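# Geometric and topological summary
What follows is each chain in one-letter form.
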Amino acid sequence: MKKKELISIISIVSLLLAITSTIGVMVYYNVKIKNISATKTEVYTDYAYHYAFITENYDDPLWESIYAGAKKQGKEYNAYVENFAANVTLAYSMNEMLEMAIVAKVDGIIVEGDDSIETSSLINTAVEQGIHVVTVLNDCVLSTRCSFIGINNYKLGKEYANQIINYSKDAPTKVVVLLNASNATNEEIMWSGLENTISENYSKIELHKLDVKSEIMFTSEEIIRNLIKNKKEQPDIIVCLSLTDTISAYQSVVDFNKVGKIEILGSYQSQPVLEAIDKNIIAASMAIDTDQMGRSAVDSLFEFQTYGRVSDYVSVDFSLIHKDNVKQFMKHTDEENKP
């Protein structure tokens, strides 16, 4: 075969392979496009109301649970409850998110309150612009919010006192209550219930406060660890008023081999807390009905929006979780977490 003929044949074969390859690629992408077109189109729902749910600790199990209750209840009123912190790419403070919600002209705001003047001012601005605001868990007493959804803190203090009395067994007992300065009003009320119940009849119980947020140089976890490992400062009972402090205390007690020597009375419920109660590392924990709290927040917003009035304060139930009933709570949590 001549060289020119060989080159010609090779050229023709190369051309055929190129055409075949091109057709194959076209068929492949044509099928992909058809498959994409056949995919179910995302369904968008129109809502009558848009409520903003705002807290800095949006990924905390406590706030996730409160939000879940609010979101479910929102559907009952054709309201979309948006978790503002979860839908932004950058880390914003709670007050920055409040400003964003005001600019967005939402219909209502559900927010974790505090005692700061800045938060009060922003809530007042929202109300002036016709946006109704409900505070949850912690109030903002200087603001014009329409309702506060919380627990009876005096009653909570009395319940903690009853547990302290139970674990003291009428022996000299040192108790340290971990406080958070940003929730001063609620904690003062709780402290009154605790102190009044104990001071009336139990002189052997020595009560102390420790503000775990006041030390700028140290985190609350470091403050708790220092408290537990210091023999002179070491208490017999630690009362924790937040889920974060409860977990920090439980981990520190384990790390420093103080299980059984220091009793922990915690707050709220999460899988680690329930497991620690089951293992006798945490004596008991006060659990808020977070689903009820979230639902009540939406109920209050809608009621005020519809009728122009609502209860100034809505009380939410709390339960004591201890060794005898922890299995029930663990079972309920497992059922909630099922896909």
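Above this note sits the structure.
Residues numbered from 1 in each chain as written. Predicted model: local features only at pLDDT ≥ 70, side-chain atom pairs only at ≥ 80, totals over all residues. Heavy atoms only, no water.

### Comments concerning the overall build of the chain
Secondary structure assignment for the chain yields 11 helices and 12 strands. Considering the chain as a whole, with its 339 residues, one finds that 42% of them fall into the buried category. Pairs at least 24 residues apart make up 72% of the contacts formed inside the chain by residues separated by at least 6 positions. For the chain, the computed accessible surface area is about 18900 Å², with 52% contributed by carbon and sulfur atoms. (Helix = DSSP H or I, 4+ residues; strand = E, 2+ residues; numbered from the N terminus. Buried < 20%, exposed > 50% of the residue type's maximum accessible area, 1.4 Å probe, protein only. Contact = heavy atoms within 4.5 Å. Areas by Shrake-Rupley, 256 points an atom, 1.4 Å probe, with all protein chains shown as cover.)

### A look at the sheet that holds strand β4 (residues 132-136)
Read from one edge of the open sheet, six strands run β2-β1-β3-β4-β5-β11, paired in parallel fashion. Each having just a single partner strand, β2 (79-83) and β11 (313-315) make up the two edges of the open sheet. Neighbour to neighbour, the strand axes of the sheet diverge by 20° on average, direction disregarded. Where strand β5 (residues 147-150) and β11 come together, three bridges link them in parallel fashion. Bridge assignment links Phe 148 to a residue of β11, and that residue is Tyr 313. (Pairing = 2+ DSSP bridges. Axes fitted to C-alpha atoms, helices over the stretch in contact; angles between N-to-C directions.)

### As for helix α9 (residues 271-278)
All buried positions along α9 are accounted for by Val 273, Leu 274, Ala 276 and Ile 277. What you see down the axis of α9 is that its buried residues fit within an arc of 160°, all on one side. Residue Asn 280 follows α9 closely and has a positive phi angle near 65°. (Arc of directions from axis to C-beta.)

### Details of the sheet that holds strand β9 (residues 263-267)
Pairing within the open sheet is mixed, and its six strands lie in the order β7-β6-β8-β9-β10-β12. On the outer flanks of this sheet lie β7 (205-211) and β12 (318-322), each paired with one strand and no other. Looking at each pair of strands side by side, their axes are set apart by 15° on average, direction ignored. Looking at chain direction, strand β6 (residues 173-179) and strand β8 (residues 237-240) are connected through four bridges and run parallel. The residue of β8 that forms the bridge with Val 177 is Val 239. Those strands touched by helix α6 (residues 184-199) are β6 and β7, and its axis lies near 170° from that of β7.

### Examining helix α2 (residues 61-76)
When the terminal C-alpha atoms of α2 are compared, their 24 Å separation across 16 residues agrees well with the 22 Å that a helix rising 1.5 Å per residue should span. Looking only at α2, the buried set comprises Leu 62, Trp 63, Ile 66, Tyr 67, Gly 69, Ala 70, Gln 73 and Gly 74. Looking down the long axis of α2, one finds its buried residues gathered within 160° of arc, a one-sided arrangement. On the buried face of α2, the contacting elements are β1 (49-54), β2, β3 (108-112), β4, α8 (243-255) and α10 (290-307). Its side-chain oxygen at 2.7 Å from the backbone nitrogen of Leu 62, Asp 60 defines the N-terminal cap of α2. Directly after α2, the chain includes Asn 78, whose backbone phi takes a positive value near 60°. (Expected span 1.5 Å × (residues − 1). Polar contact = N/O pair within 3.5 Å; in protein donor to acceptor, adjacent residues only side chain to side chain.)

### With respect to the pairing of β1
Sheet analysis places β1 next to β2, joined by five bridges and oriented parallel. Opposite Phe 53, over in β2, you have Asn 83 as the bridge partner. Here β1 runs beside β3; their pairing, made up of four bridges, is parallel. Paired with Phe 53 across the two strands is Ile 110, which belongs to β3.

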